[in-house]
Amino acid sequence: MMKSNQTVTPTDPSLVEIREKIQCGIRLNAEDGLSLYRSPDLIGIGAIADEVRRNRHGRNAFFVYNQHINYTNVCINRCKFCAFARDKGDNGAYTMTADDVAERISARKDEPVQEIHMVGGINPELPFDYYLELLATIRCLRPTATIKAFTAVEIDHLATLSGNTIAGTLDELKQAGLSMVPGGGAEVMSDRVRNALFPNKINGERWLSVTEEIHRAGLVSNATMLYGHMETKEERIAHFIRLRELQDRTGGFSAFIPLAFHSKNTGLDNLAQTTAFDDLKTVAIARLMLDNFAHIKAYWVMIGEKLAQVALSFGADDLDGTIIEETITHMAGAKSAKGLTRTQIHDMITDAGYTPVERDAFYQPVLTN
Ligand code: V47
């Protein structure tokens, strides 16, 4: 019988080579990334990713008590993959006032929320002061929580609104309460995919340069990849390598989050859901290609609670959070819960043989009673 800390030996010869490279501290290149995607040996790939994960985090698996706020769904970008966005005046279009946001924060006041994750559409009607007011409102009501808000896409828009540079804009946002930046908006960095699915959104180059400024301003941010639509494996690997190069320069990324595409109510509703095989492989390959990222999240909203639990043994070290009320993926047909309790996440982690670590936004353990 195999002991629980014994590793599985890959059966695919290309994986043996990749494993040796990793053990010798040699960085994987694009060809290695593609070999991993081509290999049918999912268990072998997972075992290598798990070795790397265990070297960094042992048996710890992180989660955060967080709350999502999507302040508006009015968006001029109208990406083809998005079920959340609306045009102004459409049925279901909404924009929260600062008072609406205050109400949502206050409704959870008795809960130990560590992180507020706030993103929204690019709504041209909102002035720069609106964003400052949202931040100030949250900071006043939840002074101890980290406000993780506005993707690089929104920050680029806010700089245009304020007439300031990106650095100057970030300065104002920081003063109002911004402490961290979430990872959305890059989707998959490919001009081909962008032209077809999100031509109005800033391109990969711009996303990287805004993110570089975010890091230079002393803010930590995350990175994501939207996969499972029309992108090729080559484009996925190129995306990883561009993120890895920026991380080499700044060290400002905290976590990478693969986002499995959900097609319901989108302009791509003929597409099938990603497979469990692809979801696990993508988590594991992210862990192996993004050797300079500390954290890989298995975002349970996207891949479901059960697969997220399994992903902890395929390179992921974090399940993201309680979330409370997820909207963007549920509008696109996600079947996962809208939120989880702390106990549910705790049990998911222990059940999978890991040690739950409740964290704050910066991965510092939170002492709970
Ligand atoms: O940028 C939009 C994606 C992202 C769909 O930083 C979709 O901690 C699947 O970035 N199917 C927003 N995905 C979510 C995001 C995120 C989530 C959790 C944690 C963090 C973090 C960031 O959601 C968008 C887009 O890539 N998305 N529509 C869809 N139909």
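Student: Could you give an account of the packing of aromatic side chains, with specific residues and numbers?
Tutor: What characterises a pair of aromatic rings is the spacing of the ring centres plus the angle enclosed by the ring planes. This model, assessed by the stated rule, comprises 12 aromatic pairs. Where Tyr130 meets Tyr131, the ring centres are 5.3 Å apart and the plane angle is 90 degrees; that geometry is what we call edge-to-face. Tyr130 sits in the buried class, given a relative accessible area of 10%. Judged by centre distance (5.6 Å) and plane angle (75 degrees), the ring pair of Tyr131 and Phe150 falls under edge-to-face. You can see Tyr131 sitting in helix H5 (residues 128–141) and its partner Phe150 sitting in the loop between strand E4 (146–149) and helix H6 (152–162), a full 19 residues away along the chain.

Student: Could you give me a rundown of the site of the ligand, with the residues and numbers involved?
Tutor: Among the 22 residues in the neighbourhood of the ligand, the closest are listed as Lys148, Gly183, Glu187, His262 and Lys297. Here an oxygen atom of the ligand sits 2.4 Å away from a polar atom, N or O, in the side chain of Glu187. The side chain of Asn222 places a nitrogen or oxygen atom 3.0 Å from an oxygen atom of the ligand. Sorting the residues of the shell around the ligand by element identifies strand E6 (220–227) and strand E7 (253–260) as the ones contributing at least two each.

Student: Lay out helix H2 (residues 30–38) in plain terms, naming residues and giving numbers.
Tutor: Taken residue by residue, H2 has Asp32, Gly33, Leu34, Ser35, Leu36 and Tyr37 as its buried positions. If you follow the buried residues of H2, they end up packed against helix H1 (13–23), helix H3 (42–57), helix H10 (233–250) and helix H11 (276–289).

Student: Now, about unusual backbone geometry: what can you tell me, with residues and values included?
Tutor: Here the phi dihedral of Asp320 falls at roughly 65 degrees; this positive angle occurs in a residue that is not glycine. Position of Asp320 relative to the elements: it lies in strand E9 (residues 318–321). Among the residues examined, Asp320 registers a relative accessible area of 4% and is labelled buried.

Student: So what's going on with the environment of Lys174? Residues and values would help.
Tutor: Relative to the assigned elements, Lys174 resides in helix H7 (residues 166–176). Sequence spacing of Lys174 and Leu135 is 39 residues, and the spatial spacing of their C-alpha atoms is 9.0 Å. Sequence-distant contacts of Lys174, that is, excluding residues within four places in its chain, are made with Arg139, Ala217 and Leu219. Of the polar contacts made by the side chain of Lys174, one reaches the backbone oxygen of Ala217; its length is 2.5 Å.

Student: Before we move on, could you go through the sheet that holds strand E3 (residues 115–119) and cite the residues and values that matter?
Tutor: Spatially, 7 strands are ordered E2-E3-E4-E5-E6-E7-E8 in an open sheet, and the strand pairing comes out parallel. Of all the strands in the sheet, just strand E2 (66–70) and strand E8 (295–296) have a single pairing partner and so form its edges. Here E2 runs beside E3; their pairing, made up of 5 bridges, is parallel. For Ile69, the partnering residue across the bridge sits in E3 and is Met118.

Student: An account of the sheet that holds strand E1 (residues 60–64) is requested, with residue identities and associated values reported.
Tutor: Strands sit in the order E9-E1-E10 across an open sheet of 3 strands; the sheet is parallel. Each having just a single partner strand, E9 and strand E10 (355–359) make up the two edges of the open sheet. Between one strand and the next, the sheet's axes are offset by a mean angle of 25 degrees, whatever the strand orientation. As judged from the 5 bridges shared by E1 and E10, these two strands associate in the parallel manner. Residue pairing in the sheet places Ala61 in a bridge with Pro356 of E10.

Student: Give me the lowdown on the state of the cysteines, citing residues and values where you can.
Tutor: Disulfide: a covalent bond connecting the sulfur atoms of a pair of cysteines. Taken as a whole and assessed by the stated rule, the structure comprises 0 disulfides. Residue Cys75 stays outside any disulfide, its sulfur separated by 6.2 Å from that of Cys79, the closest cysteine. The class for Cys75 is buried, based on a relative accessible area of 12%. For Cys82, which is in no disulfide, the shortest distance to another cysteine sulfur is to Cys79 and amounts to 6.4 Å.

About the thresholds
- Residues numbered from 1 in each chain as written.
- Predicted model: local features only at pLDDT ≥ 70, side-chain atom pairs only at ≥ 80, totals over all residues.
- Heavy atoms only, no water.
- Phe/Tyr/Trp six-rings, centres within 6.5 Å; stacked < 30°, edge-to-face > 60°.
- Buried < 20%, exposed > 50% of the residue type's maximum accessible area, 1.4 Å probe, protein only.
- Helix = DSSP H or I, 4+ residues; strand = E, 2+ residues; numbered from the N terminus.
- Near = heavy atom within 4 Å.
- Polar contact = N/O pair within 3.5 Å; in protein donor to acceptor, adjacent residues only side chain to side chain.
- Contact = heavy atoms within 4.5 Å.
- Pairing = 2+ DSSP bridges.
- Axes fitted to C-alpha atoms, helices over the stretch in contact; angles between N-to-C directions.
- Disulfide = S-S within 2.5 Å.

Just distances and angles here, no functional claims.
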